[in-house]
Amino acid sequence: MPNAASITSRHGDSLAPKIVYHYRNSPEPSRLQYFFGINVIDKEGDKWWKGYVGERKTARQLDTIPNATVLHSITVGSRGRDIDHIVVSPQGVFVINSKLRSNDVELDGANITTGKSREFLVKKMEDDARMVYNLLKDRGIKVFVKPIVSFTAWGKFASKSAHKNVAMIEYRDIAKHITSLPVDQKMQPALEQAAAVLSSPSTWQYHKGGLTDEEREEFDGVLDEIDRAHERKRRWGIAGVLSV
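Residues numbered from 1 in each chain as written. Predicted model: local features only at pLDDT ≥ 70, side-chain atom pairs only at ≥ 80, totals over all residues. Heavy atoms only, no water.

**Details of the overall build of the protein**
Inference 1: A count of helical and extended segments in the protein gives seven helices and nine strands.
Inference 2: Its C-alpha atoms give the protein a radius of gyration of 19 Å, within 12% of the compact-globule value 18 Å for 244 residues.
Inference 3: For the protein, the spread of C-alpha atoms along the principal axes amounts to about 60 × 45 × 30 Å.
Inference 4: A buried classification covers 45% of the 244 residues belonging to the protein.
Inference 5: Excluding contacts between residues fewer than 6 apart, the proportion of contacts in the protein whose partners are at least 24 apart in sequence is 71%.
Inference 6: Accessible area for the protein stands at about 13500 Å²; split by element, carbon and sulfur atoms hold 51% of it. (Helix = DSSP H or I, 4+ residues; strand = E, 2+ residues; numbered from the N terminus. Rg over C-alpha atoms; globule rule 2.2 N^0.38 Å. Buried < 20%, exposed > 50% of the residue type's maximum accessible area, 1.4 Å probe, protein only. Contact = heavy atoms within 4.5 Å. Areas by Shrake-Rupley, 256 points an atom, 1.4 Å probe, with all protein chains shown as cover.)

**A word on the sheet that holds strand β6 (residues 117–119)**
Inference 1: Read from one edge of the open sheet, four strands run β6-β5-β4-β8, paired in mixed fashion. The sheet is open, and its two borders are formed by β6 and β8 (157–161), each paired with just one other strand. For this sheet, the mean inter-axis angle between neighbouring strands, taken without regard to orientation, is 20°. (Pairing = 2+ DSSP bridges. Axes fitted to C-alpha atoms, helices over the stretch in contact; angles between N-to-C directions.)

**Structural notes on the sheet that holds strand β9 (residues 167–170)**
Inference 1: Judged by pairing direction, the sheet is mixed, and its five strands sit side by side in the order β1-β2-β3-β7-β9 without closing on themselves. Only two strands of the sheet have a single neighbouring strand rather than two, namely β1 (69–75) and β9. If you compare each strand with its neighbour and ignore which way they point, the axes differ by 30° on average.

**A few points about the packing of helix α1 (residues 16–25) against helix α3 (residues 43–62)**
Inference 1: The contact between α1 and α3 brings their axes to 9 Å, and the two run at 145°. Regarding α1 and α3, the two cross each other, and that crossing is left-handed. Contact residues: K18, I19 and H22 in α1; E44, G45, W48, W49 and Y52 in α3.
Inference 2: A class-by-class count of the residues in the contact of α1 with α3 yields four nonpolar, two polar and two charged. (Left-handed = near helix turned anticlockwise from the far one by under 90°. Nonpolar A, V, L, I, M, F, W, Y, C, P; charged D, E, K, R; others polar.)

**Comments concerning the pairing of strand β7 (residues 145–153)**
Inference 1: In terms of burial, β7 is largely enclosed, as eight of its nine residues are buried.
Inference 2: Bridge analysis of strand β3 (residues 92–101) against β7 gives nine bridges, and the strand direction is parallel. The residue bridging I96 from the neighbouring strand is I148, located in β7.
Inference 3: Alignment of β7 against β9, held across four bridges, turns out to be parallel. Among the inter-strand pairings, I148 is bridged to a residue of β9, identified as A167.

**Observations concerning the environment of I112**
Inference 1: Among the structural elements, I112 can be located in strand β5 (residues 111–114).
Inference 2: Judged by its relative accessible area of 0%, I112 is buried.
Inference 3: Measuring from C-alpha to C-alpha, the distance between I112 and K164 comes to 14 Å, with 52 residues separating the pair along the chain.
Inference 4: In this view, I112 contacts E106, L107, S117, R118, E119, L121, F151 and M168; residues no more than four positions away in its chain are not counted.

**Section: the packing of aromatic side chains**
Inference 1: With the rule as written, the count across this model stands at four aromatic pairs.
Inference 2: With 5.5 Å between their ring centres and 80° between their planes, Y52 and F219 make a pair best called edge-to-face. In this pair, Y52 is assigned in helix α3 and F219 in helix α7 (residues 213–243), connecting sequence segments 167 residues apart.
Inference 3: Counting every residue linked through ring pairs, the aromatic cluster contains F35, F36 and W236.
Inference 4: K47 extends its terminal NZ or CZ atom over the ring of W48, reaching a point 4.8 Å from the ring centre.
Inference 5: Directly above the aromatic system of Y34 lies the positively charged group of R232, at a separation of 4.3 Å from the ring centroid. (Phe/Tyr/Trp six-rings, centres within 6.5 Å; stacked < 30°, edge-to-face > 60°. Lys NZ or Arg CZ within 6 Å of the ring centre and 35° of its normal.)

**A look at the pattern of salt bridges**
Pairing between side chains becomes possible if they bear opposite charge and their charged atoms approach one another.
Inference 1: Tallied over the entire structure, the rule returns 15 salt bridges.
Inference 2: A salt bridge links D173 to K176, with the nearest nitrogen and oxygen atoms 3.8 Å apart.
Inference 3: Residue R228 is joined to D224 by a salt bridge in which the shortest nitrogen-to-oxygen separation is 3.3 Å. One end of the pair, R228, and the other, D224, are both in helix α7, four residues apart, so they sit about a helical turn from each other.
Inference 4: On the basis of relative accessibility, which here comes to 42%, the residue R228 falls in the partly exposed class.
Inference 5: With relative accessibility at 38%, the residue D224 sits in the partly exposed group.
Inference 6: One network of salt bridges, with partners in common, ties together R81, K124 and D128. (Salt bridge = Lys/Arg side-chain N within 4 Å of Asp/Glu carboxyl O.)

Written out as structure tokens, the structure reads:
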């Protein structure tokens with residue numbers, strides 16, 4: 001299976017317009033705020049940036065999977081709904097949703113607790129897997145599609161029990177999880193077909209492709225500014241703890 005796909009979108013492309021908009025329209029931080037990495041983007045924009053970081057961390061792991069077709073940021077709905085990542089490897093077809101949470105994450109079957117909040121991701125993941133399965137089935141390709149949630153937790157990550165249908169994994173373990181699954185040699189021709197279909201832009205009604213060169217340059221510049229601000233904020237936070 002090819003590592004390069006015809007679809008050119010990169011991880012987080014669906015978030016780019018939101019992040020750029022909020023960065024450009026946030027109040028300009030004071031010199032002191034800029035120095036400490038504070039308020040370079042408003043709270044809503046910071047939320048989208050964290051979503052991008054989660055996708056970036058997952059994507060870097062997925063891109064290490066050998067003999068795989070890895071797709072990112074595929075738009076599947078008229079209102080911008082997307083699938084963060086799709087992987088077709090010798091082990092099967094996987095739809096993956098990346099989540100970054102600033103606090104602790106605890107998993108117990110379908111119950112996902114982040115901090116004091118409950119999240120309900122199982123139905124969406126099952127719906128995404130069913131949609132990709134039916135898309136392939138309509139083209140005469142019958143393969144199971146397995147949903148995965150990839151978590152990045154800035155706090156503690158704990159998994160008490162697994163869900164029967166949706167794998168929920170810390171991002172750094174996702175490539176290891178996929179490559180550890182069994183390979184069915186009889187399914188390889190169907191998986192080759194699935195990779196070709198899913199990597200073709202004509203398969204996706206709502207997917208308009210990746211960013212233009214100009215949009216990519218602007219987005220990369222904004223990300224660089226936000227990344228550096230968060231790094232300054234992190235370092236000052238560490239310095240503050242050490243000085244106590």
